[in-house]
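# Chains, contacts and geometry: an overview
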Amino acid sequence: MSPTPDNNPGFGTRAVHAGQRPDPTTGAIMPPIYQTSTYVQPELGRHLGYEYARVQNPTREALEGNIAALEGGAHGIAFASGLSAIEAVIKLLDAGDHVVSEENTYGGTNRMFNKVLSRLGVEFTFVDTRDPDQVRAALRPRTRLVHVETPTNPMMRLCDLEQMATIAHEGDALLMVDNTFATPFNQRPLERGADIVAHSTTKYLNGHSDVIGGMLVVDDDDLADRIHFVRKSTGAVPGPMDAWLVLRGTKTLHLRMRAHNENGMAVARFLEDHPASVAVFYPGLESHPQHELAARQMDGFTGMVSMELGSGERAKAFVDRTHLFALAESLGGVESMIGVPALMTHASVPEDRRAFMGVTDGLVRLSVGVEEIGDLLDDLDRALKEL
Ligand SMILES: *Cc1c(COP(=O)(O)O)cnc(C)c1O
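As the structure is a prediction and not an experimental result, all values here were calculated from the model.

Scanning the protein from N- to C-terminus turns up 14 helices and 12 strands. Here the C-alpha radius of gyration of the protein, 21 Å, is about what a compact globule of 387 residues would show, namely 21 Å. Structurally, the protein occupies a C-alpha span of about 75 × 50 × 35 Å along its principal axes. Across the 387 residues that make up the protein, the buried fraction comes to 55%. Taking the contacts inside the protein whose residues are at least 6 apart along the sequence as the reference set, 72% of them involve residues at least 24 apart. For the protein, the accessible area works out to roughly 15,900 Å², and carbon and sulfur atoms hold 53% of it. The distance from the centre of the 35 positive side-chain charges to the centre of the 52 negative ones in the protein is 4 Å.

Moving on to a negative patch on the surface. Taken together, Asp219, Asp220, Asp221 and Asp225 make up a surface patch of like negative charges. Relative to the helices and strands, aspartate 219 is located in the loop between β7 (214–218) and α8 (221–234). Take aspartate 219: its relative accessible area is 46%, and that puts it in the partly exposed class.

Turning to the site of the ligand, a few remarks are in order. The immediate surroundings of the ligand are formed by 13 residues, with Gly82, Asp178, Ser200, Thr202 and Lys203 found nearest. Here an oxygen atom of the ligand and a backbone polar atom of glycine 82 are 2.9 Å apart. Within the side chain of lysine 203, a nitrogen or oxygen atom sits 2.7 Å from an oxygen atom of the ligand. Burial of the ligand by the surrounding chains reaches 94%, relative to a free accessible area of 380 Å². Of the residues belonging to the shell around the ligand, the class tally is four nonpolar, six polar and three charged.

A few words on the domain arrangement of the protein. What the domain assignment lists for the protein is domain 1 (11–250) and domain 2 (253–385). Once you take the C-alpha centre of each, domain 1 and domain 2 turn out to be 26 Å apart. The interface of domain 1 with domain 2 comprises 46 residues on the first partner and 43 residues on the second. The junction of domain 1 with domain 2 conceals about 3,600 Å² of combined surface from both sides, 57% of it contributed by carbon and sulfur atoms. Counting the contacts that link domain 1 with domain 2 gives two salt bridges. For arginine 188, the salt bridge is made with aspartate 299, and the minimal N-O distance between the two is 2.9 Å. Across the domain 1-domain 2 interface, the total number found is 21 residue pairs in polar contact (both at pLDDT 80 or more). Secondary structure elements with two or more residues in the side of domain 1 that touches domain 2: α1 (11–17), α4 (107–116), α7 (183–186) and α9 (240–250). The element best represented in the side of domain 1 that touches domain 2 is α4, accounting for five residues. When the residues that make up the side of domain 1 that touches domain 2 are grouped by side-chain class, the tally is 19 nonpolar, 18 polar and nine charged.

Nonpolar side chains in soluble globular proteins tend to be buried together. Judged by nonpolar contacts, the single largest core of 29 residues is most densely connected at Leu271, Met307, Phe318, Val364 and Leu366. Where this core is concerned, the elements lending two or more residues are α10 (253–273), α11 (291–297), β9 (304–308), α12 (312–321), β12 (363–367) and α14 (373–385). Considering every element that reaches this core, the biggest residue donor is α14, with four residues. Those residues in contact with methionine 307 that sit more than four places away from it in its chain are Leu271, Ser277, Ala279, Val280, Phe281, Phe318, Gly362, Leu363, Val364 and Leu366. Formed by 27 residues, the second largest nonpolar core is a distinct cluster that contains Ala62, Leu205, Val246 and Leu253.

On to the environment of threonine 59. Tracing the backbone through its elements, the reader meets threonine 59 in helix α2 (residues 58–71). The spacing of threonine 59 and threonine 250 is 191 residues in sequence and 14 Å in space, taken between C-alpha atoms. Apart from residues no more than four positions distant in its own chain, threonine 59 is found in contact with Pro32, Ile33, Tyr34, Pro240, Ala243 and Trp244. Within polar-contact distance, the side chain of threonine 59 engages the backbone oxygen of proline 32 at 2.8 Å.

Under the definition given, this model contains five aromatic pairs. The interplanar angle of 15° and the centroid separation of 4.5 Å between the aromatic rings of phenylalanine 113 and phenylalanine 124 together place this pair among those described as stacked. You can see phenylalanine 113 sitting in helix α4 and its partner phenylalanine 124 sitting in strand β3 (residues 123–127), a full 11 residues away along the chain. The burial state of phenylalanine 113 is the same as that of phenylalanine 124; both residues are buried. Ring centres of phenylalanine 124 and phenylalanine 126 lie 6.4 Å apart, and the angle between their planes is 20°; on these two criteria the pair is classed as stacked. Taking relative accessible area as the criterion, phenylalanine 124 reaches 15% and is therefore assigned buried. Among the aromatic side chains, those forming a connected cluster through ring pairs are Phe113, Phe124 and Phe126. Over the ring of tyrosine 106 we find lysine 203; its NZ or CZ atom is 4.9 Å from the centre of that ring. In this structure, arginine 353 packs its charged tip against the face of phenylalanine 126, placed 5.0 Å from the ring centre.

The next subject is the side chain of glutamate 102. Note on placement: glutamate 102 falls in strand β2 (residues 98–102). There is a polar contact of 2.8 Å between the side chain of glutamate 102 and the backbone nitrogen of asparagine 104. A polar side-chain atom of glutamate 102 sits 3.2 Å from a polar atom in the side chain of arginine 157.

What counts, and at which threshold
- Residues numbered from 1 in each chain as written.
- Predicted model: local features only at pLDDT ≥ 70, side-chain atom pairs only at ≥ 80, totals over all residues.
- Heavy atoms only, no water.
- Helix = DSSP H or I, 4+ residues; strand = E, 2+ residues; numbered from the N terminus.
- Rg over C-alpha atoms; globule rule 2.2 N^0.38 Å.
- Buried < 20%, exposed > 50% of the residue type's maximum accessible area, 1.4 Å probe, protein only.
- Contact = heavy atoms within 4.5 Å.
- Areas by Shrake-Rupley, 256 points an atom, 1.4 Å probe, with all protein chains shown as cover.
- Lys, Arg positive; Asp, Glu negative; His and termini not counted.
- Charge placed at Lys NZ, Arg CZ, Asp CG, Glu CD.
- Patch = residues over 30% accessible without salt bridge, like charges linked within 9 Å, V, L, I, M, F, W, Y side chains within 5 Å.
- Salt bridge = Lys/Arg side-chain N within 4 Å of Asp/Glu carboxyl O.
- Near = heavy atom within 4 Å.
- Polar contact = N/O pair within 3.5 Å; in protein donor to acceptor, adjacent residues only side chain to side chain.
- Nonpolar A, V, L, I, M, F, W, Y, C, P; charged D, E, K, R; others polar.
- Domains from an automatic or database assignment.
- Buried area = accessible area lost by both parts, 1.4 Å probe.
- Core = buried A, V, L, I, M, F, W, Y, C linked by side-chain atoms within 4.5 Å.
- Phe/Tyr/Trp six-rings, centres within 6.5 Å; stacked < 30°, edge-to-face > 60°.
- Lys NZ or Arg CZ within 6 Å of the ring centre and 35° of its normal.

Below, the structure written as structure tokens:
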């Protein structure tokens, strides 16, 4: 399905319409949930473009067209989860090939690379991608992929996407960017030279904390064919109901992200000024060491804020005392969430590496939702006063 308006519509218009058209049978304005595993073929050797739902599903295709249009790429390829999307890219490689990865990725990505995919013969080197020299120095003749996240989870470190693309391409490698935290509303890596954008649609893109899903967006036709081949051959597809729910989420992505950006900034400023906090990590703050890069490469700074409280006891006391900020893994939903990465999302990262990156037991990560900002600040203020 092609985007309905094709005269270069703005982000919000694409969010609402891209990838969709009224259902040809009934005119239904919403794409139907094609809850089917297979499709009847009119005669042997002829079908209507749909054979089997692992390979083709119209609801899924609507979602793929929608997110591809938001990222500014020609192809979206949906997966059952964010991790299976990233895994599919590694499955383009052969045993003996090498990947350079940001060290402070989502904990599950790190675990998949270290504990599963490295056993199959793909080699990984982890570096601090804030420093382009570390990335360049890690390249080997068989480096096929550079994988980055910016901002990183949960330390909010940034890397310069244009620099990363240049370095990867000098080494004949592809650049994959996990854009889950920023979303295409705030940052579009393909415009800065990335080859592959990866998403956990579970987070901001769906935005309503009711689906696990993933997406890859690429512009290159041949690369898209190779990823489609991996997905068809290995099978990590999302169901049509989940694809439909994420599509409902992306229709309001621009509205939600404006609210997340605004509330995130307000919470970061509030925490920075609060006597109980030791440090606040948010790329939108002037105090962030990479604020200048953030302002250049991002249009907004999201609702993700991390803060250091100084000890595991204080972090526990804080997250146990907030009410509106629900103690939960995950992020990017309309509801605010809070967690301690060292004990939750990043528990699978070895302790010495956590400490090295600054993921201490006193680090608290907030996913600021779209509730009224006064209520959110009250909740945080009351919990911090009780420490
Ligand atoms: C959650 C997350 C993932 C993993 O996605 P799932 O949908 O949980 O498999 C990958 N990257 C980032 C940045 C995430 O936040």
